[in-house]
Amino acid sequence: MSHSALINIDTQVSFFHRDYWEDIDFSDFQLAISQLIAGCQKREIPVVDIFHVADQGPFSLESGYVKPMPFLTHQADVTFHKHVHNAFTDTGLDHWLRVRGINHLIICGVRTEQCCETTARVASDLGYRVSFVSEAMLTFAMRYKDITLDSQILRHRTETVLEGRFATVQTVSECLESLR
């Protein structure tokens, strides 16, 4: 039997204070992640909030921005602070999950190709079954060597490299349906 947990990564106010912040996909993201969280809570699946913490800037605890984005109203079952891209290193998350017999992780949050993808890869390597709900994730355009990748291209790239290797890529409705 599969025991699941929803891992909500970095859905924090800190991002509103970064120069790359874009509102382009934000309303769709709010709707999708809210539906996913509500659906998991209805099924009594624990919700784990992960917040990125840095020594300085908008991700520092002193900034006051390391808190849930205002539209989020859920009460997390547990919250962990991370200092690297994945949600496992030095957080206690793996221990918390294993003590509860959780072997299936549903991943959502902010930055699709960064902390969400990295967490999915590490989770898979640790033996967890991973549902990657990129519809309930947000990212921002990136530029390197005169080439800009918009958020949709980044999402597609991430889904492509994860699907069938590290995770199962699902929409919110596919994920919730699979939990019945």
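Our subject is the structure that appears above.
Please read these numbers as outputs of a predicted model, since none were measured by experiment.

### Looking at the pattern of salt bridges
Step number 1: If you walk through the whole model with that rule in mind, you get six salt bridges.
Step number 2: For the salt bridge of Arg 121 with Glu 117, the shortest nitrogen-to-oxygen distance reads 3.0 Å. On the criterion of helical spacing, the pair formed by Arg 121 and Glu 117 is a turn pair, its members being four residues apart in helix H3 (residues 112-125).
Step number 3: For the salt bridge of Arg 157 with Glu 117, the shortest nitrogen-to-oxygen distance reads 2.6 Å.

### Remarks on unusual backbone geometry
Step number 1: The residue Asp 90 is not glycine, and still its phi comes out positive at about 60°.
Step number 2: Positionally, Asp 90 belongs in the loop between strand S3 (78-82) and helix H2 (93-99).
Step number 3: Here Lys 145, not a glycine, exhibits a phi torsion of approximately 50°, which is positive.
Step number 4: The topology assignment puts Lys 145 in the loop between strand S6 (142-144) and strand S7 (147-149).
Step number 5: With a relative accessible area of 64%, Lys 145 lands in the exposed category.

### Focus on H3
Step number 1: Under the 1.5 Å per step criterion, the end-to-end length of H3 is 18 Å for 14 residues, consistent within 8% with the ideal 20 Å.
Step number 2: In the core, the buried residues of H3 are packed alongside strand S1 (4-9), S3, strand S4 (104-110), strand S5 (129-138), S6 and helix H4 (151-162).
Step number 3: Count one or two residues on from H3 and you reach Gly 127, which has phi positive near 100°.

### Brief notes about the side chain of Asp 25
Step number 1: Mapping Asp 25 onto the fold places it in the loop between S1 and helix H1 (26-42).
Step number 2: Buried charge without a partner: Asp 25 forms no salt bridge, and the closest opposite charge is Arg 155, 5.6 Å away.
Step number 3: Looking at Asp 25, its side chain comes within polar contact range of the side chain of Ser 151, at 2.5 Å.
Step number 4: If we ignore the near neighbours within four places in the chain, the residues touching Asp 25 are Leu 138, Ser 151 and Gln 152.

### Considerations on the pairing of strand S2 (residues 47-52)
Step number 1: By the criterion of burial, S2 is predominantly enclosed, with six of the six residues buried.
Step number 2: Direction of pairing for S1 relative to S2: parallel, over a ladder of four bridges. By the bridge assignment for S2, Asn 8 is matched with Asp 49.
Step number 3: Remark: the S1/H1/S2 crossover connection has right-handed handedness.
Step number 4: Relative to S3, S2 runs parallel, the two being bridged by five bridges.

About the thresholds
Residues numbered from 1 in each chain as written. Predicted model: local features only at pLDDT ≥ 70, side-chain atom pairs only at ≥ 80, totals over all residues. Heavy atoms only, no water. Salt bridge = Lys/Arg side-chain N within 4 Å of Asp/Glu carboxyl O. Helix = DSSP H or I, 4+ residues; strand = E, 2+ residues; numbered from the N terminus. Buried < 20%, exposed > 50% of the residue type's maximum accessible area, 1.4 Å probe, protein only. Expected span 1.5 Å × (residues − 1). Contact = heavy atoms within 4.5 Å. Lys, Arg positive; Asp, Glu negative; His and termini not counted. Polar contact = N/O pair within 3.5 Å; in protein donor to acceptor, adjacent residues only side chain to side chain. Pairing = 2+ DSSP bridges. Right-handed = clockwise from strand over helix to strand, strands pointing away.

By themselves, these figures tell us nothing about what the structure is for.
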